[in-house]
Amino acid sequence: MQQADVYIEDGTVRYVGTGADFVVPGGCRTIDAAGKLVMPGGIDPHTHFQLEFGGTVSVDDFYKGTKAAVAGGTTTILDFVLPKKGESLLEAYDTWRARADPKVVCDYGLHVGITWWSKSVRDEMKILCQERGVNSFKCFMAYKGLYQLNDSELYEVFETCKELGAVAMVHAENGDIIAKNVTKLLSDGVTGPEGHELSRSEEVEAEATNRACVIAHQAHCPLYVVHVMSKSAGIEVARARRRYNAVGIFGETLAAALGTDGTHYHDKCWHHAAAHVLSPPLRPDPTTPEFLMKLLAQ
């Protein structure tokens, strides 16, 4: 921290210092921030506004979501275009722009999900990068039958990202194992929120995380593993960062993973338990939040 003057011109910080070696142009607006902390706006790289999923729509639209972001000091958000299987990436991108442009109150960008694979998808990825300003693409190893790609498709997406200079993102859970576990749990009559974590245990996330990192290394493609929620998956990311440092492996976690845990899935209040459901799920090990926080510190 330092006590300093900050000069901003046309939305860009041009100078930070004591003012002794800088002449402020006349007619500038001055904001007195003496005694306060002046911090850059936050960037939230993972939001889902107005997302249609599982017969529901996320509660925040682009107006309410970005208004809340700005109120908390976040001045840029990155949302996700998620095409339906077989849908044009360009058409899906235009749909998300039409949703967002009239409503956003802060800067925003869009990742684009690769929910199916073909030559046309590859071609549209190139157009998105070169003409629409997109430089990150998200793949799913979960949601079998909806978004899930197989390993061969992942490899091709990662190779394409490498060619385009884009970053590959991945939701890392073993969708085949999850689908099998869901069938077993439903047949046993397990239908409550507790079944969510039981269907996709920690090792299911860790296995997929390791596999994604290996495939990214084979394709020499930078990889960003979204919402790392368990100790085991965090360890895999940390190992991959050491092994494949030249490639570039990154991991994110969520505020929920740092502030609560999966013991709430067994709460007697259904609404309380259901409010903690997300994928990958919160883990029942109560030491997970501290563990993930220490990984972030590295």
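Since we're looking at a predicted model, the values are computed, not measured. (Residues numbered from 1 in each chain as written. Predicted model: local features only at pLDDT ≥ 70, side-chain atom pairs only at ≥ 80, totals over all residues. Heavy atoms only, no water.)

Draft legend 1. View of the overall build of the chain. Check the secondary structure of the chain and you find eleven helices and eleven strands. Relative to the compact-globule value of 19 Å for 298 residues, the chain shows a C-alpha radius of gyration of 21 Å, a close match. Counting over 298 residues, the chain shows a buried share of 42%. For the chain, restricting intrachain contacts to residue pairs at least 6 apart in sequence, the fraction spanning at least 24 positions comes to 73%. Total accessible area computed for the chain in this model is approximately 16200 Å², and 54% of it derives from carbon and sulfur atoms. One way to put it: in the chain the 29 positive side-chain charges average out to a point 2 Å from where the 38 negative ones average out. (Helix = DSSP H or I, 4+ residues; strand = E, 2+ residues; numbered from the N terminus. Rg over C-alpha atoms; globule rule 2.2 N^0.38 Å. Buried < 20%, exposed > 50% of the residue type's maximum accessible area, 1.4 Å probe, protein only. Contact = heavy atoms within 4.5 Å. Areas by Shrake-Rupley, 256 points an atom, 1.4 Å probe, with all protein chains shown as cover. Lys, Arg positive; Asp, Glu negative; His and termini not counted. Charge placed at Lys NZ, Arg CZ, Asp CG, Glu CD.)

Draft legend 2. View of the sheet that holds strand S7 (residues 107–114). The strand order across the open sheet built from seven strands is S3-S6-S7-S8-S9-S10-S11, with neighbouring strands paired in parallel fashion. Pairing within the sheet leaves two strands with one partner each, and these edge strands are strand S3 (42–47) and strand S11 (249–251). The average angle at which neighbouring strand axes cross in this sheet is 25°, direction not considered. The pairing of strand S8 (residues 136–140) with strand S9 (residues 167–171) spans five bridges and is parallel. (Pairing = 2+ DSSP bridges. Axes fitted to C-alpha atoms, helices over the stretch in contact; angles between N-to-C directions.)

Draft legend 3. Up close: empty space enclosed by the protein. Under the counting rule described, the total for this entry stands at one cavity of 30 Å³ or more. Estimates place the volume of the largest cavity at around 30 Å³. Split into classes, the residues belonging to the lining of the largest cavity amount to four nonpolar, two polar and three charged. (1 Å grid on protein atoms, 1.4 Å probe; cavity = no way out; pocket = protein on both sides within 12 Å on 5 of 7 lines; lining within 4 Å. Points joined across faces, edges and corners; volume = space filled by probe spheres on them. Nonpolar A, V, L, I, M, F, W, Y, C, P; charged D, E, K, R; others polar.)

Draft legend 4. Structural detail: helix H11 (residues 288–297). Where H11 is concerned, the buried positions are Thr288, Pro289 and Leu292. Seen from one end, H11 has its buried residues packed into an arc of 100°, which puts them on one side. Every exposed residue of H11 that faces more than 90 degrees away from the buried side is listed here: Lys294 and Ala297. The inward-facing, buried residues of H11 abut helix H8 (231–243) and helix H9 (255–259). (Arc of directions from axis to C-beta.)

Draft legend 5. Expanded view of the pairing of S9. Judged by how many residues are buried, S9 sits mostly within the fold: four of five residues are covered. As defined by bridge partners, S9 adjoins strand S10 (residues 223–225) across three bridges and the pair is classed as parallel. Within S10, the position partnered with Met169 by the bridge is Tyr224.

Draft legend 6. View of the domain arrangement of the chain. Segmenting the chain into domains produces domain 1 (1–38) and domain 2 (40–297). Spacing between the C-alpha centres of domain 1 and domain 2 amounts to 38 Å. (Domains from an automatic or database assignment.)

Draft legend 7. Quick peek at the nonpolar core. One finds Ile114, Met125, Phe137, Val157, Phe158 and Leu223 to be the most contacted residues of the largest nonpolar core, which totals 63 residues. Setting aside its immediate chain neighbours within four residues, Phe158 contacts Cys139, Ala168, Ala212, Ile215, Ala216, Ala219, Cys221 and Leu223. (Core = buried A, V, L, I, M, F, W, Y, C linked by side-chain atoms within 4.5 Å.)

Draft legend 8. Quick peek at the side chain of Glu252. As for its position among the elements, Glu252 is in the loop between S11 and H9. Buried charge without a partner: Glu252 forms no salt bridge, and the closest opposite charge is Lys138, 7.0 Å away. Within polar-contact distance, the side chain of Glu252 engages the backbone nitrogen of His227 at 2.9 Å. In contact with Glu252, other than residues within four places in its own chain, are Pro45, His46, Tyr224, Val225, Val226, His227 and Val228. (Salt bridge = Lys/Arg side-chain N within 4 Å of Asp/Glu carboxyl O. Polar contact = N/O pair within 3.5 Å; in protein donor to acceptor, adjacent residues only side chain to side chain.)

Draft legend 9. Just the layout of surface pockets, in detail. Size it by volume and the largest pocket reaches roughly 1400 Å³. Lining the largest pocket we find 30 residues, and of these Ala4, Asp5, Val6, Ala33 and Val38 sit closest to its centre. Elements with a minimum of two residues in the lining of the largest pocket: strand S1 (5–9) and strand S2 (12–17). Split by residue class, the lining of the largest pocket holds 18 nonpolar, eight polar and four charged. What the second largest pocket holds in volume is close to 1000 Å³. Around the second largest pocket sit 35 residues that line it, and His46, His48, Leu51, Leu278 and Ser279 are the ones nearest its centre.

Draft legend 10. Seen up close, the packing of H8 against H11. Axis separation between H8 and H11 bottoms out at 10 Å; the angle between their running directions is 15°. Comparing their axes, H11 and H8 come out roughly parallel. Of the two elements, H8 crosses H11, and the hand of that crossing is left-handed. Together, Lys231, Gly234, Ile235 and Ala238 of H8 and Thr288, Phe291 and Leu295 of H11 make up the contact between the two elements. (Parallel < 35°, antiparallel > 145°, perpendicular 65-115°, else oblique. Left-handed = near helix turned anticlockwise from the far one by under 90°.)

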